[in-house]
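Close look at the chain arrangement
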Amino acid sequence: MEPWLGSEAAALCPGWPALLLWVSALSCSVSSPASPSPSLVPRVRTSYNFGRTFLGLDKCNACIGTSICKKFFKEEIRFDNWLASHLGLPSDYLPSYSANYTDDSKTWRPVEISRLVSKQQNEISDRTICASAAAPKTCSIERVLRKTRRFQKWLQAKRLTPDLVQGLPSPLLRCPSQRLLDRVVRRYAEVADAGSIFMDHFTDRDKLRLLYTLAVNAHPILLQIFPGAEGWPLPKYLGSCGRFLVSTSTSPLQEFYGAPPDQAADLAYQLLGVLESLRSNDLNYFFYFTHVDAGMFGIFNNGHLFIRDASTLGVIDKQEGNQAATRAGENKDIFSCLVSDCQGALPSCDTVPERQSLVLVCGQVLPRLLQGKFPSPVQEEIDAALAWCGDDTRPDAEVLGAASRLKDILRPLRTCDPRFAYRYPDCKYNDKF
């Protein structure tokens, strides 16, 4: 039976309640591109019907005109066979979906469609927005958000300044510098021209999309302003809309907890190197995690490790300094509460220690990856270094020193073979790898 993606695609769209006009249904017919190999993607119909039953109000219209949604409607993103309608989807949906993506309608590659917020957060957001306008259970989300004082200030602004983002919940925007915000505007990929620090080329809806994305989850913005193509440890950004993101396909780190010793050593070594690059880099930004778990790190099929989820990354500008956070409670509005109850005051950027990310990773991620993998006395040395590295009571210098010792222990435990394609065959000729 030919699978029909109408219900599956509609099941994805409840995660897109973003910046929309109220719609009761959305239908479109598109021409089918050149057919890829049946082994890569399922066959799909050339028409989709996103009904109000699946979408509710204000779902999906914001996608029209943004880069990734054009791909959906041109059938250049297709889902794996297990999404066929006869299998259905769990009632709470999945955090991510496997799909195939094309740039030319001929060559397809696997991608990941990830939720930026959970279904529960989605529902909290919808209720919060409607309640803020004293509306019934359903309302026009775009209409409500357009009337807010914050967005009216955005409409008048020519440049994105720290006062416009104060109170948003993302760690990225806790204490932003003007240099960082200019980078956001200049590299925002969902506008026709992103080459200027001024927002003259932004339409009203472009501004609302950017504000909404920053308020819900800054992960897609980080992928755009610090791209992997420039050496940052982040996957390739393909597009986002509302509460979904499309990026290159990945395998989460927890799937490698049972990896053989040489692979575990390689991944741990890479992860420590990633944290080092976040502390010290040519742009003089200091990145720190406010929370970590193994699902936040992923591995490409060539063995290269990167940050899969950057939503908890904070950024401190060591070159320009940061705009001081306002007093607790100031500048809190509906955009501060789109994914959870309004947060309390966060610690000042000045109080973030250099060891913070290392303590989190050494205490919560690396022990499960490295435990019991190596013979004595190497395992004891690893465990001791992890204990020091993960101890938040120790000063920065001791934690950083323990992380350096751990890298020295792990380095010779890695092997040079084709399984680690990201550094093979370079490792045969250069001990740097």
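As shown above, the structure is provided for reference.
Quick look at the structure, then. (Residues numbered from 1 in each chain as written. Predicted model: local features only at pLDDT ≥ 70, side-chain atom pairs only at ≥ 80, totals over all residues. Heavy atoms only, no water.)

So, the sheet that holds strand S11 (residues 305-307)
Sheets are built from strands that pair by backbone hydrogen bonding, the pairs being arranged parallel or antiparallel. The strand order across the open sheet formed by three strands is S8-S10-S11, and the pairing between neighbours is antiparallel. Every other strand in the sheet has two partners, leaving strand S8 (251-252) and S11 as the edge strands with one partner each. For S8 and strand S10 (residues 297-299), the ladder comprises two bridges, and the chain directions are antiparallel. Within the sheet, the bridge partner assigned to serine 251 lies in S10 and is isoleucine 299. (Pairing = 2+ DSSP bridges. Helix = DSSP H or I, 4+ residues; strand = E, 2+ residues; numbered from the N terminus.)

Re the packing of aromatic side chains
A full pass over the atoms with the stated rule returns nine aromatic pairs. For the pair phenylalanine 226 and tyrosine 285, a centre-to-centre distance of 5.6 Å together with 75° between the ring planes defines the contact as edge-to-face. Of this pair, phenylalanine 226 sits in the loop between helix H10 (219-225) and strand S6 (237-241) while tyrosine 285 is found in strand S9 (residues 285-289), placing the two residues 59 residues apart along the sequence. No difference in accessibility class separates phenylalanine 226 from tyrosine 285, as the two residues are buried. In this arrangement the basic side chain of lysine 407 is found over the ring face of tyrosine 269, its NZ or CZ atom lying 4.9 Å from the centre. The ring of tyrosine 269 has arginine 414 lying over it, and the distance from NZ or CZ to the ring centre is 4.2 Å. (Phe/Tyr/Trp six-rings, centres within 6.5 Å; stacked < 30°, edge-to-face > 60°. Buried < 20%, exposed > 50% of the residue type's maximum accessible area, 1.4 Å probe, protein only. Lys NZ or Arg CZ within 6 Å of the ring centre and 35° of its normal.)

Describing the packing of helix H11 (residues 261-279) against helix H12 (residues 356-364)
Look at H11 against H12: their axes get within 10 Å of each other, and the N-to-C directions meet at 165°. Compared by their axis directions, H11 and H12 come out roughly antiparallel. In terms of crossing hand, the pair formed by H11 and H12 is right-handed. Note on element contacts: H12 touches H11 through Ser357, Leu358, Val361 and Cys362, opposite Leu271, Leu272, Leu275 and Arg279. Partitioning the contact of H11 with H12 into residue classes produces six nonpolar, one polar and one charged. (Axes fitted to C-alpha atoms, helices over the stretch in contact; angles between N-to-C directions. Parallel < 35°, antiparallel > 145°, perpendicular 65-115°, else oblique. Left-handed = near helix turned anticlockwise from the far one by under 90°. Contact = heavy atoms within 4.5 Å. Nonpolar A, V, L, I, M, F, W, Y, C, P; charged D, E, K, R; others polar.)

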